[in-house]
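# Observations on chain architecture
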Amino acid sequence: RRSTYPAYAWEMNYYADGLVGGLWRFEIDNAGFVVWTTCAHAGWADDPESYLREHWETVRTATDLLVEWRDPETGLHAPAQEDDNPAYTQTLHGAITTFGAIEIASRAARLLGEDETALRWEDRAAELRDAILEELYLEEEGYFVSRGTAINPGSAPTGASAWLVWPMKLLPYDDPRMEQQLRRDLGIVA
């Protein structure tokens, strides 16, 4: 049985002194954002390779957790707490942040010459992207959804769909599915 408090997970949030500040022990979107932010920051480092090596253990262990936290039936992430919600769900919040984390971590692994790790992570990112398109995209309606559960009431009215283009990037910006999603999102918030 999978643990609800896995090793190498990131808590819901932290105080400035590093103490845990939230209620949820493993919030998968937070874990994804930690990996994404750490890797993305390398772009501003004076020496990106040294920066990544300094943080590699954190990136590697958290990314491996995200890779292994997989639903074998759908290819999505396995249910986890998402977006300050105590229920274990499987929505776009967790899917897109997990995808973005694994994808950027695979690029960092390539930069560091960790080709075997990069290949494993690239394969999982591709599988997860395909699962998102299969499970969370409504072809007839032309937009992405969170499935099976209501969005956290504190979330934006569009949910996590904006994360499909920033800070993550599921598909190229000019992909018709992305263009349609952004038009829909702007219509909701405008």
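Values in this document were obtained by computation on a predicted structure and should not be read as measured data.

### Observations regarding the packing of helix 2 (residues 48–68) against helix 3 (residues 92–111)
Viewed as axis vectors pointing N to C, helix 2 and helix 3 meet at an angle of 140°, and their least axial separation amounts to 10 Å. Looking at the two axes, helix 2 sits oblique to helix 3. The way helix 2 lies across helix 3 gives a crossing that is left-handed. Counting all contacts with helix 2, which are made through Pro48, Glu49, Leu52, Trp56, Val59, Thr63, Leu66 and Val67, the residues of helix 3 involved are Thr98, Ala101, Ile102, Ala105, Ala108, Ala109 and Leu111. Tallied by class, residues from the contact of helix 2 with helix 3 come to 12 nonpolar, two polar and one charged.

### Points about the nonpolar core
In this structure, Val35, Leu92, Ile96, Ile132, Phe144 and Leu170 are the most contacted members of the largest nonpolar core, which totals 49 residues. Of all the elements in the fold, those that place two or more residues in this core are helix 1 (28–41), helix 2, helix 3 and helix 4 (115–135). Ranked by the residues each element gives to this core, the list is headed by helix 3, at 10 residues.

### Focus: the layout of surface pockets
The calculated volume of the largest pocket comes to roughly 180 Å³. Taken together, Trp36, Cys39, Leu52, Phe99, Gly100, Glu103, Ile104, Arg107, Ala108, Pro167, Met168 and Lys169 form the lining of the largest pocket. Only helix 1 and helix 3 provide two or more residues apiece to the lining of the largest pocket. In terms of residue count, helix 3 provides more of the lining of the largest pocket than any other element does, six residues in total. For the lining of the largest pocket, the per-class residue count stands at eight nonpolar, one polar and three charged.

### Here's the deal with the pairing of strand 2 (residues 85–89)
For a regular strand, side chains alternate in direction, first toward one face of the sheet and then toward the other. Bridge count between strand 1 (residues 80–82) and strand 2: three bridges; the pairing is antiparallel. Bridging from a neighbouring strand, Gln81 pairs with Tyr88 of strand 2. The antiparallel pairing of strand 1 with strand 2 creates a hairpin that spans two residues between the two strands, and Asp83 there sits at a positive phi of about 50°.

Rules of the game
- Residues numbered from 1 in each chain as written.
- Predicted model: local features only at pLDDT ≥ 70, side-chain atom pairs only at ≥ 80, totals over all residues.
- Heavy atoms only, no water.
- Axes fitted to C-alpha atoms, helices over the stretch in contact; angles between N-to-C directions.
- Helix = DSSP H or I, 4+ residues; strand = E, 2+ residues; numbered from the N terminus.
- Parallel < 35°, antiparallel > 145°, perpendicular 65-115°, else oblique.
- Left-handed = near helix turned anticlockwise from the far one by under 90°.
- Contact = heavy atoms within 4.5 Å.
- Nonpolar A, V, L, I, M, F, W, Y, C, P; charged D, E, K, R; others polar.
- Core = buried A, V, L, I, M, F, W, Y, C linked by side-chain atoms within 4.5 Å.
- Buried < 20%, exposed > 50% of the residue type's maximum accessible area, 1.4 Å probe, protein only.
- 1 Å grid on protein atoms, 1.4 Å probe; cavity = no way out; pocket = protein on both sides within 12 Å on 5 of 7 lines; lining within 4 Å.
- Points joined across faces, edges and corners; volume = space filled by probe spheres on them.
- Pairing = 2+ DSSP bridges.

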